[in-house]
Amino acid sequence: MKKLLGIIVCSLSLMLSSCYTLKNASIPPALKTIDVQFFENNAPLVVNNLSQTFTEALKDRIRTQSRLSITRNESDATMSGSIIGYTIAPVSIEAVANNVAPIADANRLTITVKVKFVYEADKKLNFDQTFTSSTDFRGDIGAQEQNLIQDLVKKLTEDIFNKAFSNW
C-alpha cells in the first residue's frame, strides 16, 4: 500500500510540475532580445516620476518573467509607447447637508498607456494597443498616490506582458 501511494504521489507531482509552463510559453525561440524604449508621459495631468516608474517596471517584469535580454537599439523586438492618460474622477457622491454641494465619497485613479510591440520575424505577434487600469480610493490622493500608482503599474505591466508574450 505504501509503495502504491508513493507511486501515485510521484506521478501526480511529475504531472503537475510539467503542467505549469506559463513562463516563456509563447516566446518564439528566435526572440532573444528586446528594446524597451522610454514611455513618455503625454497625459494632460502629469506626475513627475510616472514615466520612469512605468518604464522600469515594464523592463523589470520582462527581465524577471522571461528569458529575454533587454538591449538598446539593435534587438529582435521593440516595445515603445507613451502614457496617454492619468485621470482622477469621482465615482460616488455623498450628500453633506441641505443647501450644500455634494462631495466625492470615493474617487477613481485611471492610467492609460499606448503600447506598440514590433517583432519583425513574426508580424502576427505585433500589436499597437491601448491598456487601461484603474483603482478606487477614498480621501486625499496626496498621501496615497505613489502606492496607487505602483498598484496600477503592476496591473498594466502584467497585461502588456501577457499580450506580448503569452497570447492571452
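Right above here is the structure, for reference.
Could you clarify how one ought to interpret the pattern of salt bridges in this entry?
Side chains bearing opposite charge may pair, as long as their charged atoms lie close to each other. Inspection of the entire model under this criterion finds four salt bridges. For the salt bridge of Asp136 with Arg108, the shortest nitrogen-to-oxygen distance reads 2.7 Å. Remark: Arg108 occurs in strand S5 (residues 103–119) and Asp136 occurs in strand S6 (residues 127–137); sequence separation between them is 28 residues.

When you look at helix H2 (residues 50–65) in this model, what are you seeing that I'm missing?
An α-helical segment advances 3.6 residues per turn. Residues three or four places apart therefore align on the same side. In this model, H2 (16 residues) spans 22 Å end to end at C-alpha, consistent with the 22 Å of a helix rising 1.5 Å per residue. Every buried residue of H2 is listed here: Leu50, Ser51, Thr53, Phe54, Thr55, Leu58, Lys59, Arg61 and Ile62.

Explain the packing of H2 against helix H3 (residues 145–165) here, please?
A pair of packed helices is captured by two measures, namely the crossing angle of their axes and the spacing between those axes. The interhelical angle for the contact between H2 and H3, taken along N-to-C directions, is 45 degrees, at an axis separation of 9 Å. Taken together, the axes of H2 and H3 are oblique relative to one another. For the pair H2 and H3, the sense of crossing is right-handed. Across the interface between the two elements, Leu50, Thr53, Phe54, Ala57, Leu58, Arg61, Ile62 and Gln65 from H2 touch Ile149, Gln150, Val153, Lys154, Leu156, Thr157, Glu158, Ile160, Phe161 and Phe165 from H3.

Cut-off values and rules
- Residues numbered from 1 in each chain as written.
- Predicted model: local features only at pLDDT ≥ 70, side-chain atom pairs only at ≥ 80, totals over all residues.
- Heavy atoms only, no water.
- Salt bridge = Lys/Arg side-chain N within 4 Å of Asp/Glu carboxyl O.
- Helix = DSSP H or I, 4+ residues; strand = E, 2+ residues; numbered from the N terminus.
- Expected span 1.5 Å × (residues − 1).
- Buried < 20%, exposed > 50% of the residue type's maximum accessible area, 1.4 Å probe, protein only.
- Axes fitted to C-alpha atoms, helices over the stretch in contact; angles between N-to-C directions.
- Parallel < 35°, antiparallel > 145°, perpendicular 65-115°, else oblique.
- Left-handed = near helix turned anticlockwise from the far one by under 90°.
- Contact = heavy atoms within 4.5 Å.

Shape descriptors only; they carry no functional weight alone.
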